[in-house]
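# Secondary and tertiary structure notes
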Amino acid sequence: MDTNTEIRNILKQHAKLTADVDTLGDDADLYQAGMTSHASVNLMLALEDTFNVEFPERMLRRRLFESITSIRSAVDELKAGGS
Amino acid sequence: MGTLSREELLRKIHKIGAEVIRPAAASVDKEARFPREAFEALRAEKMLSVYVPEQFGGIGCSYADLAAICTALGQYCGSTAMIFAMHQIQVACIVRHGNTPYFQGYQRELVEKQLLMGSATTEEGIGGDVRTSSCHVARDGDSFVLEKKAPVISYGEEADEILVTARRGPDAASSDQSLVLVRKGDTVLERTHTWDTMGMRGTCSLGYMLKAKGHVDQILPVPYADLSAQTMHAVSHTLWTSLWLGIATDAVNQARAYIRAEARKKPGTVPPGAFRLAELVVELQSMRQGVQGATRDYIEIMDDRDALSGPSFTIRMNNLKIAASRQLVRLCADALQIVGITGYKADSKYSLARQLRDAYGAPLMIANDRILGNNSTLLLVAKDE
C-alpha cells in the first residue's frame, strides 16, 4: 500500500472528519474538513504506530496535520532518518 | 518602550485603586453591579488602551507592564481586575492579529473613546469546549448576521464591543471557527441566565441570547484556532493568574496588618499568628514566582507563533492556571485562619470574606478538571518539558 493510501486509512479511522476522506484532495485543509486538536492527537499516535516513527517536539505544530501532503512530507522526513 | 514607565503606570493604578476602587469594592460585591466608578477612573487615565501600540495613539505598554497592572488592580477589587483583564485579552487579540485597515482604525477608536471589549466564547449545547461552535456567521454580500446562545457574557451590557466565536460559515465544521467583533448599536442581548454568585459578583457574567449584524470587515482575518493558540490561551492564563496574584497579595497583606496590630498591643512578644504568617509568605512568594516566571516564558516566545502552538507550551500555560488558582484559594483560606473571626466578618477592616469568595471562582472558570483532562491528552504527544 502506498503511503498516501495508508495515511487516508488512518484519517478515516482517527481524524473524525465531518467530510468524507475519499472526496478530499491531498492538499485539502483537514481542519476545515472538521478535524479537532483532540482528534489530531489520536491521528498522531496512529501515524507513529503505523510508520514506526516518532514525531519530535519541533514538528508538533498545527500545520503538521494541515493536509495529507503535509503529513506525508513529515513521515518521509522521519523515515529518512532526519529528525 | 511605551509612553509611560512601569513605575508611572503603577503609581496611577495604585492611586485609582486606593481612592476609587477599594472604597467601591464592597458595594460592587454586595449589589453584584458593574464597577462603573472604577472604569470611569481607568478611562480617564486612558488605561483601557494601555496595551494599544503608540502608532495608534495608545500608551503602548509592554506585556510585562500589562500583567503588573492586573496584579495591582487585584489588590483592590477582584471583579474590577477581572473585567480589566478580560477586556485586555480581547485587546491583545486585536493588537496581535488585527492587521487590517478596519482593525487598525478600531484601535484608534478604542483609544479615543476608551471602548470596553467583552467576549462571548462559550455556547449552549457545545459541552463547554470553547474550541467548537454551533452558531455560524451568515454572510450576505458585505454584511453578516450572527445569533448565539451564550450562557455567559461578562459585563455584556456594559461592553461597547463583544468578540464572538462562531463557525466560519453555514457549512463549516464545528471546530472551524472565526472571531467576530460585534458592536453595541448592532447587537441585541436578551437575558437568559442570572449572575447571583458566591464571588466575582461585579463581573456581571449573565447569560444572553445574542443577535448581531455587521460588516464582514469585522471578522478577524485569522482562524480562531490560530488566534487561540498564539494569543488568547496564553494571554488569558497569564493575565488571570496575574490578577489572582493581586488578590492573594491583598489577603496576605490583610493578615500582615492584623498581626502587626496584635504585636503593637503587646510590645516585646511575637503574636501567635506570626508563625503562620511566615508560612503564608512562603506560599505567596512561590505563587508570585510561578506567575511571573510563566509570564516571562510567554514573553520570550511571544513572536514565535510556531512555538506558541506546540503542545509543551500549551501544557505549561494550563499548569500555570491550575497551580495559581489552587494557591489563591489556599492563601486566602490560610490568611483567614491567621486573622480569625475578625476576618470572617464582612464589615471589619480585616475582612477576608470577599477575597475568599472571589478566590473560589478561580479553579472553576474553565474548570481545572477539564484542563487536566486536556493536559492528559496532550501529554500523550508532547515529547519534552
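Residues numbered from 1 in each chain as written. Chains lettered and ligands numbered in written order. Predicted model: local features only at pLDDT ≥ 70, side-chain atom pairs only at ≥ 80, totals over all residues. Heavy atoms only, no water.

We now examine empty space enclosed by the protein. All names here are of chain B. Inspection of every chain in the model, using the stated rule, returns 1 cavity of 30 Å³ or more. Its volume calculated, the largest cavity comes out at about 30 Å³. Lining the largest cavity we find A25, V28, D29, C77, G78, S79, R201, G202, R354 and D358. Split into classes, the residues belonging to the lining of the largest cavity amount to 3 nonpolar, 3 polar and 4 charged. (1 Å grid on protein atoms, 1.4 Å probe; cavity = no way out; pocket = protein on both sides within 12 Å on 5 of 7 lines; lining within 4 Å. Points joined across faces, edges and corners; volume = space filled by probe spheres on them. Nonpolar A, V, L, I, M, F, W, Y, C, P; charged D, E, K, R; others polar.)

Before going further, it helps to spend a moment on the sheet that holds strand β4 (residues 161-167) of chain B. All names here are of chain B. The strand order β1-β4-β5 describes an open sheet built from 3 strands, whose pairing is mixed. Edge positions in the sheet fall to β1 (117-120) and β5 (177-183), since each has one partner strand and no second. Strand-to-strand twist across the sheet, computed as the mean angle between neighbouring axes with direction ignored, equals 25°. Strand contacts of helix α5 (residues 101-113): β1, β4 and β5, with the helix running at about 40° to β5, the strand carrying the most contacts. Set on the sheet, helix α6 (residues 224-265) makes contact with β4 and β5; between it and β5 the angle comes to about 80°. (Pairing = 2+ DSSP bridges. Helix = DSSP H or I, 4+ residues; strand = E, 2+ residues; numbered from the N terminus. Axes fitted to C-alpha atoms, helices over the stretch in contact; angles between N-to-C directions. Contact = heavy atoms within 4.5 Å.)

Attention shifts here to the pairing of strand β3 (residues 143-154) of chain B. Remark: a regular strand shows side chains that alternate across the two faces of the sheet. Residues and elements named next belong to chain B. Strand direction decides the pairing type here: strand β2 (residues 138-140) and β3, joined by 3 bridges, are antiparallel. Counted as the bridge partner of A138 is V145 from β3. Between β2 and β3, which follow one another and run antiparallel, lie 2 residues, and G141 among them has a positive phi close to 65°. By the bridge criterion, 10 bridges tie β3 to strand β7 (residues 205-215) in an arrangement that is antiparallel.

Residue and element names in this part refer to chain B. The backbone phi angle of M200 is positive, close to 50°, even though this residue is not glycine. Note on placement: M200 falls in the loop between β6 (187-193) and β7. Overall, the relative accessible area of 8% leaves M200 in the buried class. One non-glycine residue, C204, lies in positive phi territory at about 50°. With respect to the helices and strands, the residue C204 is situated in the loop between β6 and β7. Look at C204 and you get buried, because its relative accessible area is 13%. (Buried < 20%, exposed > 50% of the residue type's maximum accessible area, 1.4 Å probe, protein only.)

Moving on to the layout of surface pockets. Residues and elements named next belong to chain B. Taken as a whole, the second largest pocket encloses approximately 430 Å³ of empty space. If you trace the second largest pocket, you find 16 residues lining it, with A26, A346, S348, S351 and R354 closest to the centre. At the level of secondary structure, the elements contributing two or more residues to the lining of the second largest pocket comprise α1 (6-31), α6 and α11 (353-359). Among the elements that take part in the lining of the second largest pocket, α1 stands out by supplying 5 residues, more than any other. Looking at the lining of the second largest pocket residue by residue, the classes come out as 4 nonpolar, 4 polar and 8 charged.

Residue and element names in this part refer to chain B. In this structure, F34 sits in the loop between α1 and α2 (36-44). On a C-alpha basis, the gap between F34 and R201 in space is 8.6 Å, while along the polypeptide they are 167 residues apart. In this structure, F34 is in contact with F39, I83, L116, Y155, E158, G202 and C204, ignoring residues within four places of it in sequence.

By convention here, two paired aromatic rings are described through the distance between centres and the angle between planes. Within this structure, the stated rule accounts for 8 aromatic pairs over all chains. Look at B:Y258 and B:Y350: their rings are 5.4 Å apart centre to centre, the planes differ by 80°, and that puts the pair in the edge-to-face class. With B:Y258 in helix α6 and B:Y350 in the loop between α10 (341-344) and α11, this pair connects stretches of sequence that are 92 residues apart. Of the two residues examined, B:Y258 and B:Y350, each falls in the buried class. An aromatic cluster is present here, built from B:Y51, B:Y63, B:Y298 and B:F313 joined pairwise through their rings. Positioned over the ring face of A:Y31 is A:R62, at 3.7 Å from the centre of the ring. (Phe/Tyr/Trp six-rings, centres within 6.5 Å; stacked < 30°, edge-to-face > 60°. Lys NZ or Arg CZ within 6 Å of the ring centre and 35° of its normal.)

With that settled, consider the pairing of β7(B). Residue and element names in this part refer to chain B. Counting buried positions along β7 yields 8 of 11 residues, so the element is predominantly enclosed. As defined by bridge partners, β6 adjoins β7 across 6 bridges and the pair is classed as antiparallel. Bridge pairing in β7 links T187 to A212.

Here we come to α6(B). In a regular helix each residue adds 1.5 Å, so 42 residues correspond to 62 Å; α6(B) covers 58 Å between its end C-alpha atoms and thus fits that length. Remark: the principal bend of α6(B), roughly 40°, maps to B:M232. (Expected span 1.5 Å × (residues − 1). Bend = angle between axes of the 7 residues up to and from the residue.)

Residues and elements named next belong to chain B. In total, this model carries 27 salt bridges over all chains according to the counting rule given. Residue D65 pairs with R6 through a salt bridge whose shortest N-O separation is 2.4 Å. On the criterion of sequence distance, the pair formed by D65 in helix α3 (residues 63-74) and R6 in helix α1 is long-range, its members being 59 residues apart. In this structure R6 comes out as partly exposed when scored by relative accessible area, which is 38%. In this structure, D297 and R316 form a salt bridge, with 2.6 Å as the shortest nitrogen-oxygen distance. Highlighted residues: D297 in helix α7 (residues 273-301) and R316 in helix α9 (residues 311-339), separated in sequence by 19 residues. The exposure class of D297 is partly exposed, given its relative accessible area of 28%. Taken together, the salt bridges that share partners define one network made up of E109, K113, E161 and R183. (Salt bridge = Lys/Arg side-chain N within 4 Å of Asp/Glu carboxyl O.)

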